[in-house]
Amino acid sequence: MSGELVLGIESSCDETAAAVVADGRRILSSCVHSQAAMHAVYGGVVPEIAGRSHLQKILPVIDAALAEARVELDDLSAIAVTTRPGLIGSLLVGLSAAKGLAFARGLPLVGVHHIEAHVHAATMEAERFEYPCLALVVSGGHTAVYRVENPLALELLGTTLDDAAGEAFDKVAHLLGLGYPGGPAVSKLAREGDPRAIELPRYRSKRATGPEFSFSGIKTAVLYQVRGQDARATLPPPEAIPRRADIAASFEQAVCDVLVGECLRAAEREGLRTILVAGGVACNQRLRAEMTMRAAERGLVAVFPSPAYCTDNAVMIAGLGWHVWKAGGSAGLALEASPR
Ligand code: KG4
Ligand code: ZN
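This is a predicted model, so every value here is computed, not measured.

How each quantity is defined
Residues numbered from 1 in each chain as written. Chains lettered and ligands numbered in written order. Predicted model: local features only at pLDDT ≥ 70, side-chain atom pairs only at ≥ 80, totals over all residues. Heavy atoms only, no water. Helix = DSSP H or I, 4+ residues; strand = E, 2+ residues; numbered from the N terminus. Rg over C-alpha atoms; globule rule 2.2 N^0.38 Å. Buried < 20%, exposed > 50% of the residue type's maximum accessible area, 1.4 Å probe, protein only. Contact = heavy atoms within 4.5 Å. Areas by Shrake-Rupley, 256 points an atom, 1.4 Å probe, with all protein chains shown as cover. Lys, Arg positive; Asp, Glu negative; His and termini not counted. Charge placed at Lys NZ, Arg CZ, Asp CG, Glu CD. Core = buried A, V, L, I, M, F, W, Y, C linked by side-chain atoms within 4.5 Å. Near = heavy atom within 4 Å. Polar contact = N/O pair within 3.5 Å; in protein donor to acceptor, adjacent residues only side chain to side chain. Nonpolar A, V, L, I, M, F, W, Y, C, P; charged D, E, K, R; others polar. Domains from an automatic or database assignment. Axes fitted to C-alpha atoms, helices over the stretch in contact; angles between N-to-C directions. Parallel < 35°, antiparallel > 145°, perpendicular 65-115°, else oblique. Donors = N, O, S within 2.8 Å, 3.2 Å for Na, K, Ca; no water. Tetrahedral: all angles 85-135°; square planar, octahedral: opposite > 155°, others 65-115°.

Visitor: Explain the overall build of the chain to me, using residue names and the numbers behind them.
Guide: Secondary structure assignment for the chain yields ten helices and ten strands. Taking 20 Å as the expected radius of gyration for a compact globule of 340 residues, we find that the chain reaches 20 Å, a close match to that expectation. Oriented by its inertia axes, the alpha-carbon framework of the chain measures out at about 60 × 45 × 30 Å. Burial status across the chain gives 54% buried among its 340 residues. Within the chain, counting contacts between residues at least 6 apart in sequence, those at least 24 apart form 72% of the total. Split by element, the accessible area of the chain, about 14500 Å² in all, is 52% carbon and sulfur. Each charge class in the chain can be summarised by its mean position, and for the 32 positive and 37 negative side chains these summaries are 4 Å apart.

Visitor: Could you give me a rundown of the nonpolar core, with the residues and numbers involved?
Guide: Residues Phe251 and Met291 are the most contacted members of the largest nonpolar core, which totals 51 residues. Listed by contribution, the elements that provide at least two residues to this core are strand E6 (133–138), helix H5 (165–175), helix H6 (182–190), helix H7 (216–227), helix H8 (244–270), strand E9 (274–278) and helix H9 (285–297). If sequence neighbours within four positions are ignored, Phe251 has contacts with Ala168, Phe169, Val172, Val186, Leu200, Ile218 and Val222. One finds Val20, Leu28, Leu91 and Leu107 within the second-largest nonpolar core, a separate group that totals 30 residues.

Visitor: Describe the site of ligand 1, naming the residues involved and giving the relevant values.
Guide: Contacts to ligand 1 come from 20 residues, most closely from Gly140, Asp170, Gly183, Gly280 and Asn284. Contacts to ligand 1 include Ser139, whose side-chain N or O atom sits 3.5 Å from an oxygen atom. Gly183 places a polar main-chain atom, nitrogen or oxygen, 2.9 Å from an oxygen atom of ligand 1. For ligand 1, whose accessible area on its own is 560 Å², the fraction buried by protein is 89%. Among the elements of the structure, helix H4 (114–124), H5 and H6 are those that each provide at least two residues to the shell around ligand 1. Among the residues forming the shell around ligand 1, the class breakdown is six nonpolar, twelve polar and two charged. Looking at the shell around ligand 1, you find at least three residues from each of domain 1 (5–119 + 311–326) and domain 2 (131–304).

Visitor: So what's going on with the environment of Asp170? Residues and values would help.
Guide: Within the element layout of this structure, Asp170 appears in helix H5. A relative accessible area of 23% means that Asp170 is categorised as partly exposed. Note: C-alpha distance between Asp170 and Tyr180 (ten residues apart in sequence) is 6.6 Å. When neighbours within four sequence positions are excluded, Asp170 is seen to be in contact with Tyr180, Pro181, Gly182 and Gly183. Here the side chain of Asp170 touches Gly182 through a polar contact of 2.7 Å, landing on its backbone nitrogen.

Visitor: Just give me the short version of the packing of H7 against H8, but keep the residues and values in it.
Guide: Two elements in contact, H7 and H8, have axes separated by 11 Å at closest approach and are oriented at 170°. Here H7 is positioned roughly antiparallel relative to H8, judged by the angle of their axes. On H8, the residues touching Ile218, Val222, Gln225 and Val226 of H7 are Ile247, Phe251, Ala254, Val255 and Val258. Considered class by class, the residues forming the contact of H7 with H8 number eight nonpolar, one polar and no charged.

Visitor: Residues and numbers for the coordination of the zinc ion (ligand 2), please.
Guide: Surrounding the zinc ion (ligand 2) are the protein donor atoms His114 (NE2), His118 (NE2) and Asp312 (OD), which sit 2.0 to 2.2 Å from the metal. What the four donor atoms of the zinc ion (ligand 2) show is an angle range of 92 to 146° at the metal, which sorts the shape as irregular. For the zinc ion (ligand 2), the donor residues sit on a single chain with the sequence spacing H-x3-H-x193-D. With His114 and His118 both in helix H4 and four residues apart, this pair spans about one turn of that helix.

Now the structure itself:
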């Protein structure tokens, strides 16, 4: 097998993933075991269940990634693993597996930052990619904008004051009586609704120097639409919610408006012409369409990974891991995990 092969391992939240990538770009395999169904009954990720499931799946998923790539451990040049941020018990499962394999085969071991890897995912499928650029990471746990000089140099420009965008989708899904994870469900219902039907507030950054997000106002407005303003009232059953699809569509539109507006202003302020969008919420079709269209109106380009590489995966870990390894970032068995 030609090229420098990196095995990537990801276990920071509720996906157990492994992938093999050649020379930081060529994707040879990608295996993901999602725990979404296990956590769905609880309406969110339960850390103890996540840790136990990672432990059961980590070696089978790694084996599957090696088999799909048709490579053996001895063909690898390095192993890359997510070390931060994430659920500590879950991170430790991937890290321990990576350490064991690296020790057994005498391979270099590199730690990868999960959010930086999400950003990197958006560049891996592009024919040619030119830095610097602006990057928006929108997932269940994060909403952040970075100025990116190269795969390893990211400067945080702004973040959310309250909920992450994905978290807002998940909470609104709950209000509308939809399952977890909420993003795909809200988005499906939104297709039947009118995005201009219900007026919802849009947050605009008050910082002169950078972007900033807030979704609590939108979320509260949705709560009032669904339940009314009486805090003692209970949530109505889904079929009793008036204009449910219109609420979903208007919510999705409001979140997109906030995300797109802040990113376009940040890109112009920073003099950047490319906007990368990554993380689970980057799967959202309305966000993809709105960001692409409104960026183009200003002569900017929006770049998204394909949906499989928007949500948690190990391709992004192996891809960025190759850059970390090339830059001499091998930490060996002393590598530590951190929730932040
Ligand atoms: O990146 P990710 O897989 O995990 C984290 O690192 O958080 O993102 C998961 C989040 C969830 O909140 C989910 O509801 C949201 O991404 N999401 C979506 C869509 N698909 C997933 N949100 C909106 N529209 C979607 N189509
Ligand atoms: Zn993620």
